[in-house]
Amino acid sequence: MIIAIDGPAGAGKGTLARALADRLGLRHLDTGGLYRATALQILRAGGDPADPEVAERAARSLDESLLDAPDLRRPEVGTAASVVAAIPGVRQALLDFQRDFARTPPGVVVDGRDIGTVVLPEAPVKLYVTASAAERARRRHEELLARGETSIYERVRAEIEARDARDAGRAVAPMRQADDAVEIDTTDLAPEQVLARALAVIDART
Ligand code: DC
């Protein structure tokens, strides 16, 4: 069983992916974490995430312990992740890891930007989880405040929109809804409602 979930930042992909993995007894891979860890490795070493050579080297020698780093979720790491993610050599370096992970029984829920289109196009279940930019920014802003960090809503929204534009506009594996993906707009839905819709799609497709 392979469930591919794509969509923009803050739409609720991660929450849904974890809930589905829990409910169905599957493993979960947050592929954004791989790009974030690559970016964090570069930032910690004082490197430039936009330098293709530096970025590809980091992706090829990724320190997997960074996937659990508390800094991984920081907004500046998200932005740097989106920068390294536009570099073809980085995407290639992370592709095998993602495909190997997906092949491991009993099955997986994989979330990202290009899972249904490039990484696992054969996935029988594809979901495209989205929400308005205003709502996604509001969620991120609340999340940061809840963690005791300073956050300015307008800045969060501008960062989210810049990230969407970069992720959807890059030449290699841009963020895009696969032709056979079912869209779930979470703008006005609670997490349980999103889960119920996803389970209905899975029932219909398997
Ligand atoms: O989902 P996230 O916010 O953790 O992702 C961080 C960045 O990583 C995102 O802005 C673009 C990149 N990414 C990608 O290009 N492809 C994926 N499959 C997952 C993430």
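You'll find the structure just up there.
Below you will find a few notes about this structure. Everything quoted here is computed from the prediction, not taken from an experiment.

The next subject is the overall build of the protein. Looking only at helices and strands, the protein has nine helices and five strands in total. Seen in sequence order, the protein has helices and strands lined up from the N terminus as β-α-β-α-α-α-α-β-α-β-α-α-β-α. Over its C-alpha trace the protein gives a radius of gyration of 16 Å, about what one expects of a compact globule, namely 17 Å for 206 residues. Counting only C-alpha atoms, the protein reaches 50 × 35 × 30 Å along its principal axes. Scored against the burial criterion, the 206 residues of the protein give a buried share of 49%. Here the contacts in the protein between residues at least 6 apart in sequence split such that 77% fall between residues at least 24 apart. Separation of charge centres in the protein, based on 28 positive and 33 negative side chains, amounts to 1 Å.

Another aspect to go through is the nonpolar core. By size, the foremost hydrophobic cluster in this structure holds 22 residues, and its most contacted members are Tyr 35, Leu 40, Ala 55, Val 90 and Leu 94. Looking at this core, the elements that each hand over two or more residues are helix 2 (31-44), helix 3 (52-60), helix 4 (75-84) and helix 5 (88-103). Once residues within four sequence positions are removed from consideration, Tyr 35 is found in contact with Ala 81, Val 84, Ala 85, Val 90, Arg 91, Leu 94 and Gln 98. The next biggest cluster of nonpolar side chains, apart from the first, holds 20 residues, and it includes Ala 11, Ala 21, Val 125 and Leu 199.

Within the secondary structure, Gly 14 sits in helix 1 (residues 13-24). Here the alpha-carbon distance between Gly 14 and His 28, two residues 14 residues apart in the chain, equals 9.3 Å.

Of all six residues that make up strand 4 (residues 125-130), six are buried, and the element is covered over most of its length. Sheet topology note: the strand 1 (residues 2-6)/strand 4 ladder contains four bridges and is parallel. The partner of Ala 4 across the bridge, within strand 4, is Lys 126. Sheet topology note: the strand 4/strand 5 (residues 182-185) ladder contains four bridges and is parallel. Paired with Thr 130 across the bridge in strand 5 is Asp 185.

Okay, the packing of helix 4 against helix 8 (residues 153-169) next. For any two helices packed against each other, the geometry is given by the interaxial angle and the distance between the axes. The interhelical angle for the contact between helix 4 and helix 8, taken along N-to-C directions, is 15 degrees, at an axis separation of 9 Å. The orientation of helix 4 relative to helix 8 falls into the category roughly parallel. In the crossing of helix 4 with helix 8, the sense of the turn from one axis to the other is left-handed. Mapping the contact onto sequence places Pro 75, Gly 78, Thr 79, Ser 82 and Val 83 in helix 4 and Glu 159, Arg 163, Arg 166 and Asp 167 in helix 8. Class assignment of the residues belonging to the contact of helix 4 with helix 8 gives a composition of two nonpolar, three polar and four charged.

With that settled, the discussion passes to the site of the ligand. Taken together, 16 residues surround the ligand, and among them Arg 36, Arg 91, Arg 163, Asp 167 and Arg 170 come closest. Side-chain polar atom of Arg 163 to an oxygen atom of the ligand: 2.7 Å apart, as the coordinates give it. At 2.8 Å, a side-chain N or O of Arg 170 approaches an oxygen atom of the ligand. For the ligand, whose free accessible area comes to 450 Å², the fraction covered by protein is 98%.

To continue, consider the sheet that holds strand 4. Spatially, 2-3-1-4-5 is the arrangement adopted by the five strands of the open sheet, whose pairing is parallel. Because the sheet does not close on itself, it has two edges, and the strands there are strand 2 (27-30) and strand 5. When strand polarity is set aside, the average angle formed by the axes of neighbouring strands in this sheet is 20 degrees. Bridge analysis of strand 2 against strand 3 (residues 108-112) gives four bridges, and the strand direction is parallel. Directly across from Arg 27, in strand 3, lies its bridge partner Val 108. Helix 9 (residues 191-205) rests against strand 1, strand 4 and strand 5 of the sheet, and its axis sits at about 155 degrees to strand 4.

Calculation rules
Residues numbered from 1 in each chain as written. Predicted model: local features only at pLDDT ≥ 70, side-chain atom pairs only at ≥ 80, totals over all residues. Heavy atoms only, no water. Helix = DSSP H or I, 4+ residues; strand = E, 2+ residues; numbered from the N terminus. Rg over C-alpha atoms; globule rule 2.2 N^0.38 Å. Buried < 20%, exposed > 50% of the residue type's maximum accessible area, 1.4 Å probe, protein only. Contact = heavy atoms within 4.5 Å. Lys, Arg positive; Asp, Glu negative; His and termini not counted. Charge placed at Lys NZ, Arg CZ, Asp CG, Glu CD. Core = buried A, V, L, I, M, F, W, Y, C linked by side-chain atoms within 4.5 Å. Pairing = 2+ DSSP bridges. Axes fitted to C-alpha atoms, helices over the stretch in contact; angles between N-to-C directions. Parallel < 35°, antiparallel > 145°, perpendicular 65-115°, else oblique. Left-handed = near helix turned anticlockwise from the far one by under 90°. Nonpolar A, V, L, I, M, F, W, Y, C, P; charged D, E, K, R; others polar. Near = heavy atom within 4 Å. Polar contact = N/O pair within 3.5 Å; in protein donor to acceptor, adjacent residues only side chain to side chain. Areas by Shrake-Rupley, 256 points an atom, 1.4 Å probe, with all protein chains shown as cover.

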